[in-house]
Amino acid sequence: MSDPAGHLDDDRTQVIEQLAHIASALDRRDDDFLRDAFTPDAHGYGKDGAEAIVAQVRSHLGGVGATQHLLGNHRVTVDGDTARSLTYARVHHVGAGPMEGSFFECMGEYDDQWQRTPEGWKLARRRFDMQIMLGDFAVLRP
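Definitions and cut-offs
Residues numbered from 1 in each chain as written. Predicted model: local features only at pLDDT ≥ 70, side-chain atom pairs only at ≥ 80, totals over all residues. Heavy atoms only, no water. Helix = DSSP H or I, 4+ residues; strand = E, 2+ residues; numbered from the N terminus. Contact = heavy atoms within 4.5 Å. Core = buried A, V, L, I, M, F, W, Y, C linked by side-chain atoms within 4.5 Å. Buried < 20%, exposed > 50% of the residue type's maximum accessible area, 1.4 Å probe, protein only. Expected span 1.5 Å × (residues − 1). Phe/Tyr/Trp six-rings, centres within 6.5 Å; stacked < 30°, edge-to-face > 60°. Lys NZ or Arg CZ within 6 Å of the ring centre and 35° of its normal. Salt bridge = Lys/Arg side-chain N within 4 Å of Asp/Glu carboxyl O.

Visitor: Even after reading the chapter, I still don't get the environment of Ala96, so can you show me in this structure?
Guide: By the element assignment, Ala96 lies in the loop between strand S4 (82-94) and strand S5 (103-117). Taking the C-alpha atoms as reference points, Ala96 and Val64, 32 residues apart in sequence, are found 5.3 Å from one another. Discounting chain neighbours no more than four positions away, the residues touching Ala96 are Gly63, Val64, Gly65 and Arg141.

Visitor: Would you take a moment to explain the nonpolar core for this structure?
Guide: For soluble globular proteins, nonpolar side chains are generally found buried alongside one another. Core analysis: the largest hydrophobic core is formed by 28 residues, its most contacted members being Val15, Ile22, Leu26, Leu34, Phe38, Leu61 and Trp114. Looking at this core, the elements with two or more residues in it are helix H1 (7-28), helix H2 (31-37), strand S1 (38-44), helix H3 (50-61), S4, S5 and strand S6 (120-135). Apart from residues lying up to four places away in sequence, Leu61 is in contact with Leu26, Arg29, Thr67, His93, Leu140 and Arg141.

Visitor: Help me understand H3, please; the structure alone is not making it clear to me.
Guide: The periodicity of an α-helix, 3.6 residues per turn, causes residues three or four places apart in sequence to face the same way. For H3, which comprises 12 residues, the first-to-last C-alpha distance of 16 Å matches the rise-based estimate of 16 Å (1.5 Å per residue) to within 8%. Regarding H3, the residues found buried are Ala50, Ile53, Val54, Gln56, Val57, Arg58 and Leu61.

Visitor: Is there a simple way to explain the packing of aromatic side chains in this structure?
Guide: Geometrically, a pair of aromatic rings is defined through the distance of the ring centres and the angle of the planes. A complete count under the given rule lists two aromatic pairs for this structure. Geometrically, the ring pair formed by Tyr110 and Phe128 is tilted, given 4.7 Å between the ring centres and 45° between the ring planes. Here Phe128 lies in strand S6 and Tyr110 lies in strand S5, a separation of 18 residues in the sequence. Residue class for Tyr110 comes out buried when judged on its relative accessible area of 4%. Overall, Phe128 belongs to the partly exposed group, its relative accessible area being 23%. Its guanidinium or amino end placed over the ring of Tyr110, Arg126 lies 3.8 Å from that ring's centre, counting from NZ or CZ.

Visitor: Is there a simple way to explain the pattern of salt bridges in this structure?
Guide: Pairing between side chains becomes possible if they bear opposite charge and their charged atoms approach one another. A complete count under the given rule lists 12 salt bridges for this structure. Of the charged contacts, one joins Arg28 and Asp30 as a salt bridge, the two residues approaching to 3.1 Å between their closest N and O atoms. The class of Asp30 is partly exposed, set by a relative accessible area of 23%. The shortest N-O distance in the salt bridge between Asp31 and Arg58 comes to 2.5 Å. Pair noted here: Asp31 is in helix H2 and Arg58 is in helix H3, with a separation of 27 residues, a long-range link. Take Asp31: its relative accessible area is 22%, and that puts it in the partly exposed class. Ionic contacts of the salt-bridge type, sharing partners, join the residues Arg84, Asp111, Arg125 and Arg127 into one network.

Here it is in structure tokens:
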């Protein structure tokens with residue numbers, strides 16, 4: 001749905017683009033981008049605050065080989081300076097080190113709350129509802 005001036009469509013596009021950049025940052029292990037993608041007081045991955053969120057992500061992906069976060073079926077609702085996005089995700093993790101030759105793949109849905117800031121849309125809350133798991137969860141390690 002869009003408003004006559006097209007603001008919601010612009011906001012929706014901006015949120016979806018930010019989701020893609022975050023997925024890419026996770027795959028590239030770009031902690032600086034990831035840290036900046038969250039509000040300072042955000043809640044995500046079971047932690048509070050951007051620094052703690054990045055540390056938690058590192059505890060899962062630090063010892064993993066290549067990853068690929070594929071996103072789709074975006075549903076975005078915007079209400080002024082806040083937004084909510086529901087996004088399907090399929091994430092493949094390749095084992096490294098002692099887990100070489102193994103993989104872990106999960107499929108589910110991100111439920112994200114967004115806040116508009118002077119720098120653009122930032123995540124205020126992130127939850128991942130993992131619905132399907134394949135392979136060895138032990139691939140995820142620091």
